[in-house]
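Geometric and topological summary
Here are the chains, one letter per residue:
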Amino acid sequence: MDAVEEVKNRLAIEDVIGEYVQLKRAGHNWRGLSPFGNEKTPSFMVSPEKQIWHDFSSNKGGNMFSFVMEIEGLDFRGALELLANKAGVDLEQYQRSAGRGDAKQKERLYEALKLTAKFYQAHFSKNQTALEYILKERQFSKSTALEWQIGYAPNSGTALLDFLKSKNFTDDEIKRAGLSTQRYQGSVDMFRGRIMIPLADQQGRIIGFTARLLHDDPSAPKYINTPQTILYDKSRHVFGLHLAKEAIRKAKYAVVTEGNLDVITSHQAGVRQVVATAGTALTEQHLKALSRFVNDIRLSFDADRAGLNATERAIPIAGKVGVSLSVITLTTGKDPDELIKRSPGKWQKAIDESVYALDWLIEYFKQQFDLDTAAGKRQFSDDIMPIVQNLTDKVEQDHYVQKIAEILQVSREALLTKLKPEPATRLKHRLVKPEPVDKLAAEMGKNQDHFLSLVLQQPKLRDFLEPITEGMLSTLPAQQLLQFLRDNPEFAGDVGTAMALEPVAEYVKILVLQYETLYQELDLLELRYEAAHLQTRLIERYVKTQKRELSSQLQTTNDADTDRLLARAKQLDILLKQAKES
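The model shown is predicted, which means the values in this text are computed figures rather than measured ones.

**Here we look at the overall build of the chain**
Of regular secondary structure, the chain possesses 24 helices and 16 strands. Residues classed as buried in the chain amount to 47% of the 582 residues present. When contacts within the chain are restricted to residue pairs at least 6 apart in sequence, those whose partners lie at least 24 apart make up 64%. A total accessible area of about 29100 Å² is found for the chain, and carbon and sulfur atoms account for 49% of it.

Here it is in structure tokens:
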């Protein structure tokens with residue numbers, strides 16, 4: 001038995017999910033409100049028998065691991081570690097012998113960092129200067145200081161080293177945790193005489209520290225972070241996410257600031273969907289971590305050159321990751337911390353009035369150059385067009401080429417010469433306006449899954465499969481199931497006896513749960529009506545998608561291919577007409 005199966009055997013899926021969702025018994029299953037949206041009628045189902053969950057509102061589903069990945073924003077490994085710890089399963093015994101040392105070492109470092117945070121907290125509670133800075137100057141409450149485990153590193157050479165050694169940690173372990181550094185006289189504490197703010201992973205485990213000077217000193221850096229370790233990677237770590245993720249999910253957006261103290265101030269003011277990165281170094285990994293919760297990311301960087309450069313760099317990364325990036329403008333105060341202290345309401349108002357990042361940059365550059373002059377137009381286009389060049393969505397790119405041309409009062413053709421060589425046809429508008437990808441995917445997924453749940457469980461509905469092709473289905477498991485049903489037209493619906501369904505077993509279990517929830521009480525006539533309706537919706541969506549592609553091809557094709565494409569369009573019309581008449 002592997003680690004995954006051992007965890008499944010020790011934990012009940014309804015108990016795991018019940019820690020996040022209030023579940024009530026519904027026959028053999030459990031039901032609750034979706035944790036992925038705001039709904040009043042429960043549509044979230046958990047099946048202990050099948051060990052799966054399904055959210056009918058978002059069409060998400062899977063096993064206990066996929067649920068933890070969704071709700072905690074973890075990858076599979078992170079979810080496995082979390083659930084294994086809950087189940088009391090030692091993952092080390094399932095790992096190859098070569099990897100055992102690393103796992104044990106990580107646990108030692110986690111423990112060292114946890115003890116270090118307590119050590120710093122103890123010294124913080126005894127240091128009057130540190131207390132006055134946090135409680136009076138920064139205006140943090142005692143509960144805020146405790147929630148964020150704020151501490152103080154004593155201003156002596158080896159206080160922490162001596163403490164950790166007394167707990168049987170070695171010099172090598174302390175250094176690997178990023179808690180010591182080498183001087184000519186030997187190892188000394190990495191942090192001394194500074195306010196200490198723990199850095200935690202998404203599960204709340206401490207992986208490092210940010211250290212701030214108590215009093216600004218031009219000869220010393222204001223902030224020092226833990227160096228890169230096997231636990232801490234600043235290019236991946238999102239500060240405060242462990243405390244912000246629930247608020248982010250509910251608000252349906254995340255705010256990213258430059259400073260850790262900005263985050264803490266915002267949380268204290270009740271605006272908790274706020275996190276930070278290490279300065280303005282926003283990376284693809286940061287955006288991917290946040291995209292597990294939302295696709296609406298709002299930046300609140302300082303309005304200086306570093307903040308501007310960071311915004312420019314982030315726009316193409318956001319397109320690649322698939323998130324919407326906007327910029328928050330502060331009308332008063334140099335940073336969120338200062339604004340919040342003046343007026344928490346104005347901070348929330350600034351967040352609500354965030355502007356899409358590229359639109360914000362265009363407005364910013366418009367203020368920097370005299371667009372009534374040729375030189376100003378050249379400088380403006382030199383700055384903005386490389387950013388437009390890097391947009392991954394060609395429709396969006398085309399939109400901004402048109403917008404900038406209107407601002408500068410120049411031709412589109414003149415602007416296109418500033419893009420790297422690429423066929424101009426790539427920038428043409430599509431004849432059919434594309435629908436939002438997320439809505440399209442959700443609709444297709446629901447229609448597809450509900451249709452397949454019917455024909456899987458009711459052999460008498462299999463005739464509705466005749467016009468359905470793999471191209472009409474959006475996922476590989478759905479395509480594999482379609483092929484299975486074609487190869488086994490007499491299959492009676494007992495999924496537990498079909499070895500050929502093993503590769504898509506979890507998907508099939510979800511379909512069975514959908515059937516039991518939605519259709520089990522309906523008679524055959526009603527089921528046929530529903531199957532016919534879903535079949536038509538699938539074909540309509542397929543025809544619309546195909547026609548969109550044909551329209552795009554017709555813009556660039558030669559005359560020889562035009563007749564072929566038009567013939568294909570006619571075939572699609574016939575297919576749709578037959579579906580509606582059947």
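**Regarding the sheet that holds strand β6 (residues 151-153)**
Each strand in a sheet pairs with its neighbour through backbone hydrogen bonds, running either in the same direction (parallel) or in the opposite one (antiparallel). With antiparallel pairing, the four strands of this open sheet are ordered in space as β6-β9-β10-β11. This sheet does not close on itself; its edge strands, each paired only once, are β6 and β11 (223-225). Shown here is a sheet whose adjacent strand axes are inclined to one another by a mean of 35°, direction ignored. Pairing of β6 with strand β9 (residues 194-200) involves three bridges; the strand directions are antiparallel.

**Looking at the sheet that holds strand β2 (residues 29-32)**
Across the sheet, five strands lie side by side as β1-β2-β3-β4-β5; this open sheet has antiparallel pairing. The sheet is open, and its two edges are formed by β1 (24-26) and β5 (60-62), each paired on a single side. Pairs of neighbouring strands in the sheet enclose a mean axial angle of 20°, with direction left out of account. Direction of pairing for strand β3 (residues 44-47) relative to strand β4 (residues 52-55): antiparallel, over a ladder of four bridges. Its bridge partner lying in β4, serine 47 is registered against isoleucine 52. The sheet strands contacting helix α3 (residues 64-72) are β3, β4 and β5, and the helix crosses β5 at an angle near 140°. Set on the sheet, helix α22 (residues 505-518) makes contact with β2, β3, β4 and β5; between it and β4 the angle comes to about 60°.

**A look at helix α1 (residues 3-10)**
Of the positions making up α1, those classed as buried are Ala3, Val4, Glu6 and Val7. Across the axial projection of α1, the buried residues extend over an arc of 165°, all falling on one side.

Definitions and limits used
Residues numbered from 1 in each chain as written. Predicted model: local features only at pLDDT ≥ 70, side-chain atom pairs only at ≥ 80, totals over all residues. Heavy atoms only, no water. Helix = DSSP H or I, 4+ residues; strand = E, 2+ residues; numbered from the N terminus. Buried < 20%, exposed > 50% of the residue type's maximum accessible area, 1.4 Å probe, protein only. Contact = heavy atoms within 4.5 Å. Areas by Shrake-Rupley, 256 points an atom, 1.4 Å probe, with all protein chains shown as cover. Pairing = 2+ DSSP bridges. Axes fitted to C-alpha atoms, helices over the stretch in contact; angles between N-to-C directions. Arc of directions from axis to C-beta.

Note that every value here comes from positions in space, so none of it alone points to a role or purpose.
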